[in-house]
Amino acid sequence: MKEYEIYSNLKVPLCSKTILRLDGRNFHTLSKNLKLLKPYDELFFKKIVSVCEEIFNEFSPIFIYAFSDEISILFDKLPYSSRIEKLDSIFPSFASSSLTINLNHDYNLDNIKPIAFDSRVITVTDNEISKYFKWRQDESWRNCVNSYGIHTLKDKYSSKKSNVIIKGLKIQDIHELLFDNGINLNDLPIWQKRGIAIYKNNLEKTIIDFKIPKFNNEFFKNINIIDV
Ligand SMILES: Nc1nc2c(ncn2[C@@H]2O[C@H](COP(=O)(O)OP(=O)(O)OP(=O)(O)O)[C@@H](O)[C@H]2O)c(=O)[nH]1
Ligand SMILES: [Mg+2]
């Protein structure tokens, strides 16, 4: 019957570096059920960071980047002989279990649905690495501005209307709206604006970086992820 497992030999090509991106399933509902602080809940995000640390320690990727409910994991060398079925099943299930165990210390999980992450495989060349992470970091920034914007609008409008209004505003308009309401985006914690990263420094010490810069080639060169 083994020949019926027709996808089991599907592998990521050897010639590229690989990113696995995990994203929490339906975390909007989870955040409601756990009564997370809006727009950012530091305790919850620290649980996501713990998940990243456990992945880093267990599977030795070279770099992890996370914001909100998504985690991008960069590998130099893939585990499980690069088999896609293994990667796309073990990593999201490991993350789901890890998050559940971590949340259980501080939250009541009695009435929540089982936590799940989805997973996708992204192949990149060395010179696309910083482009990929910059793309995700730009999303983190957009997410930050929008989340604070909606949070502010909800003081005056319904949730639905706030979402409609925010979609019609340019980023500069949202900056001004926030500024008028006493929120200066410059003063927000860096992890809320740019996310966090885990990597090894030159002394092979694991760094959990809550103060990452804006990603560019230089950053990835300095931490020995790329050569040029
Ligand atoms: N209140 C609160 N919510 C958060 C926080 N971090 C993540 N979330 C929630 O997680 C969601 C993540 O966005 P998405 O991944 O687009 O939404 P999702 O509900 O997970 O939907 P799918 O990924 O498509 O399953 C956000 O919309 C928030 O509702 C937080 O710190 N506080
Ligand atoms: Mg999600």
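Each value, and the rule that gives it
Residues numbered from 1 in each chain as written. Chains lettered and ligands numbered in written order. Predicted model: local features only at pLDDT ≥ 70, side-chain atom pairs only at ≥ 80, totals over all residues. Helix = DSSP H or I, 4+ residues; strand = E, 2+ residues; numbered from the N terminus. Buried ≥ 20, exposed ≤ 12 C-beta atoms within 10 Å, placed from the backbone. Contact = placed C-beta atoms within 7 Å. Axes fitted to C-alpha atoms, helices over the stretch in contact; angles between N-to-C directions. Parallel < 35°, antiparallel > 145°, perpendicular 65-115°, else oblique. Left-handed = near helix turned anticlockwise from the far one by under 90°. Nonpolar A, V, L, I, M, F, W, Y, C, P; charged D, E, K, R; others polar. Pairing = 2+ DSSP bridges.

Considerations on the overall build of the protein
- Within the protein, the secondary structure is distributed over eight helices and six strands.
- Reading the protein from its N terminus to its C terminus gives the helix and strand order β-α-α-β-β-α-β-α-α-α-α-β-β-α.
- Principal-axis analysis of the C-alpha atoms places the extent of the protein at approximately 60 × 45 × 35 Å.
- The burial tally for the protein puts 28% of its 228 residues in the buried class.
- Nonlocal contacts in the protein, meaning residues at least 24 apart in sequence, comprise 67% of its contacts between residues at least 6 apart.

Points about the packing of helix H4 (residues 129-153) against helix H5 (residues 159-167)
- Look at H4 against H5: their axes get within 9 Å of each other, and the N-to-C directions meet at 135°. Classified by the angle between their axes, H4 and H5 sit oblique to one another. Judged by the twist between their axes, the crossing of H4 over H5 is right-handed. Of the residues in H5, those in contact with Asn146, Gly149, Ile150 and Leu153 of H4 are Ser162, Asn163, Ile165 and Ile166.
- Across the contact of H4 with H5, the residue classes break down as four nonpolar, four polar and no charged.

Brief notes about the pairing of strand S5 (residues 196-200)
- Of all five residues in S5, four are buried, a share of seventy percent or more.
- In the sheet, strand S2 (residues 63-67) pairs with S5 via three bridges, with the strands oriented antiparallel. Bridge assignment links Ile64 to a residue of S5, and that residue is Ile198.
- As judged from the four bridges shared by S5 and strand S6 (residues 206-209), these two strands associate in the antiparallel manner. The residue bridging Ala197 from the neighbouring strand is Asp209, located in S6.
- Adjacent in sequence and paired antiparallel, S5 and S6 are bridged by five residues, among which Glu204 carries a positive phi angle near 65°.

Topic: unusual backbone geometry
- Cis peptide bonds are those with omega within 30 degrees of zero, and the linkage from Lys38 to Pro39 qualifies with 0°.
- At Ser60, a residue that is not glycine, the phi angle is positive and equals roughly 50°.
- With respect to the secondary-structure elements, Ser60 resides in the loop between helix H2 (42-59) and S2.
- Within the chain, Ser82 stands out as a residue other than glycine whose phi angle is a positive 65°.
- Looking at where Ser82 falls in the secondary structure, it is placed in the loop between strand S3 (70-75) and helix H3 (84-104).

Brief notes about the packing of H2 against H3
- It is the contact of H2 with H3, at a shortest axis distance of 9 Å, that shows an interaxial angle of 130°. By the angle between their axes, H2 is oblique relative to H3. Two packed elements cross with a definite hand, and for H2 against H3 that hand is right-handed. Residue-level contacts link Lys47, Ser50, Val51, Glu54 and Ile55 of H2 to Phe94, Ala95, Ser98, Leu99, Asn102 and Leu103 of H3.

So, the sheet that holds strand S4 (residues 117-124)
- A sheet is described by the order of its strands in space; here six strands give the open sequence S4-S1-S3-S2-S5-S6, paired in antiparallel fashion. Strands with a single pairing partner mark the edges of an open sheet, and in this sheet they are S4 and S6. Direction aside, the axes of adjacent strands within the sheet are offset by 15° on average.
- On the sheet, H3 packs against strand S1 (17-24), S3 and S4 and is oriented at approximately 135° with respect to S4.
- Docked against the sheet, H4 engages S1, S2, S3 and S4, running at close to 20° with respect to S2.

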